[in-house]
Amino acid sequence: MTNKAFGENAQAALEKINAKAKLLDGLLSVTNENSEVYALNSGKTLVPSEDTRQIIKQSAELCGFTGGRLDITSYPVLKAWGFTTQGYRIPSQTELDKLLDNVGTENICIEESGIYLKNNAQIDLGATAKGYLADRAIEILDENKIASALLNLGGTIVARGEKPSGEKWKIGVADPKNSSSYFGFLNLSDKIAATSGGYERYFVGEDGETYIHIIDPKSGRPVKNGTASVTVISDSGIKSDALSTALFVAGKDEAENIWKKDGKTFDYIILTDDNELFVTKEVSDSLRLADGFDEIKINVVQ
């Protein structure tokens with residue numbers, strides 16, 4: 001994380017945000033044997049902290065909204081491909097089909113007395129945790145009366161207010177072919193942006209094919225639909241985070257349907273493998289391509 005804030009209580013706010021990040025990491029890790037998610041995935045009925053209850057509840061609702069393009073119970077499938085251990089392998093379709101029998105948010109049981117998982121389901125909150133942290137960070141900024149801040153929570157960006165100079169924050173959108181550079185820039189204020197891309201984690205199989213860590217919960221296989229990266233911008237961190245993954249799985253055509261179904265309450269930028277951009281109208285007005293990327297064709301979605 002690289003965070004900066006301005007104001008009398010800026011340092012105190014940033015320290016509280018760092019502490020919240022460490023707390024959530026301890027609660028939500030799938031590999032930490034002391035985490036609440038680990039206990040849940042081990043078959044236990046969990047009496048969760050309020051943070052764990054809320055993120056599971058909100059994540060499950062977003063999975064439902066996306067029609068299963070995102071599913072937080074896909075963790076066993078992710079493990080089968082080796083993305084959690086870096087012991088990469090290509091599982092058979094028979095193995096995947098068996099694992100998919102236990103994938104589905106209907107296996108998450110949230111009750112007043114606790115939370116438990118049915119049918120040997122397991123969850124992974126990697127697609128929503130940074131977004132949830134972003135929402136909690138905004139609450140901390142509010143409590144400390146911070147009107148100007150830029151938070152980079154591991155790729156989920158909180159643009160709070162404006163720069164002290166009065167300008168909007170300039171946010172880079174990573175180039176999937178070189179994630180240390182950017183293919184474009186946005187000017188944002190009071191928005192949260194999250195990006196998902198196949199360039200983040202992938203492996204090349206013995207068959208010479210590239211397999212990315214973003215899994216289609218319907219097929220159990222890494223997504224291969226011509227999408228290079230998806231950035232979602234909204235007022236909600238968890239929504240931006242979840243939808244960036246869901247729209248990547250959906251692809252550009254279905255992404256537009258999801259956007260319209262939601263009443264156009266968020267914006268998105270989709271970059272395809274063949275260097276085309278599909279950008280919602282609101283965000284297209286502030287998008288500027290970086291030097292050397294003039295060949296990218298921009299399609300405005302409205």
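1. Quick look at the nonpolar core
- Judged by nonpolar contacts, the single largest core of 63 residues is most densely connected at Ile123, Leu151 and Tyr268.
- Those residues in contact with tyrosine 268 that sit more than four places away from it in its chain are Thr231, Val232, Leu247, Lys252, Ala255, Glu256, Trp259, Phe278, Val279, Thr280, Val283 and Val301.

2. Thoughts on the pairing of strand 7 (residues 178-188)
- Here strand 6 (residues 169-175) pairs with strand 7 via seven bridges, running antiparallel. For valine 173, the partnering residue across the bridge sits in strand 7 and is glycine 184.
- Sheet analysis places strand 7 next to strand 14 (residues 288-289), joined by two bridges and oriented antiparallel. Opposite glycine 184, over in strand 14, you have leucine 289 as the bridge partner.

3. Things to note about helix 7 (residues 237-250)
- When the terminal C-alpha atoms of helix 7 are compared, their 20 Å separation across 14 residues agrees well with the 20 Å that a helix rising 1.5 Å per residue should span.
- At the N-terminal end of helix 7, a side-chain oxygen is found 3.2 Å from the backbone nitrogen of lysine 239, two or three residues along, and the residue is serine 236.
- Glycine 251, located one to two residues past helix 7, shows a positive phi value of around 85°.

4. Some points on the pattern of salt bridges
- For the structure shown, the criterion picks out 13 salt bridges.
- A salt bridge links aspartate 142 to arginine 160; the nearest nitrogen and oxygen atoms lie 2.5 Å apart. Separated by 18 residues along the polypeptide, aspartate 142 in helix 6 (residues 129-143) and arginine 160 in strand 5 (residues 156-160) bring together distant segments of the chain.
- One salt bridge connects lysine 224 with glutamate 209, and the closest N-O pair in it is separated by 2.3 Å.

5. Section: the packing of helix 6 against helix 7
- Where helix 6 contacts helix 7, the axes come no closer than 6 Å and their chain directions differ by 165°. In this view, helix 6 runs roughly antiparallel relative to helix 7, as classed from their interaxial angle. With respect to the hand of their crossing, helix 6 and helix 7 are arranged in right-handed fashion. Together, Ala129, Lys130, Gly131, Tyr132, Ala134 and Asp135 of helix 6 and Gly237, Ile238 and Asp241 of helix 7 make up the contact between the two elements.
- Here the contact of helix 6 with helix 7 is built from residues that sort into four nonpolar, two polar and three charged.

Parameters at a glance
- Residues numbered from 1 in each chain as written.
- Predicted model: local features only at pLDDT ≥ 70, side-chain atom pairs only at ≥ 80, totals over all residues.
- Heavy atoms only, no water.
- Core = buried A, V, L, I, M, F, W, Y, C linked by side-chain atoms within 4.5 Å.
- Buried < 20%, exposed > 50% of the residue type's maximum accessible area, 1.4 Å probe, protein only.
- Contact = heavy atoms within 4.5 Å.
- Pairing = 2+ DSSP bridges.
- Helix = DSSP H or I, 4+ residues; strand = E, 2+ residues; numbered from the N terminus.
- Expected span 1.5 Å × (residues − 1).
- Polar contact = N/O pair within 3.5 Å; in protein donor to acceptor, adjacent residues only side chain to side chain.
- Salt bridge = Lys/Arg side-chain N within 4 Å of Asp/Glu carboxyl O.
- Axes fitted to C-alpha atoms, helices over the stretch in contact; angles between N-to-C directions.
- Parallel < 35°, antiparallel > 145°, perpendicular 65-115°, else oblique.
- Left-handed = near helix turned anticlockwise from the far one by under 90°.
- Nonpolar A, V, L, I, M, F, W, Y, C, P; charged D, E, K, R; others polar.

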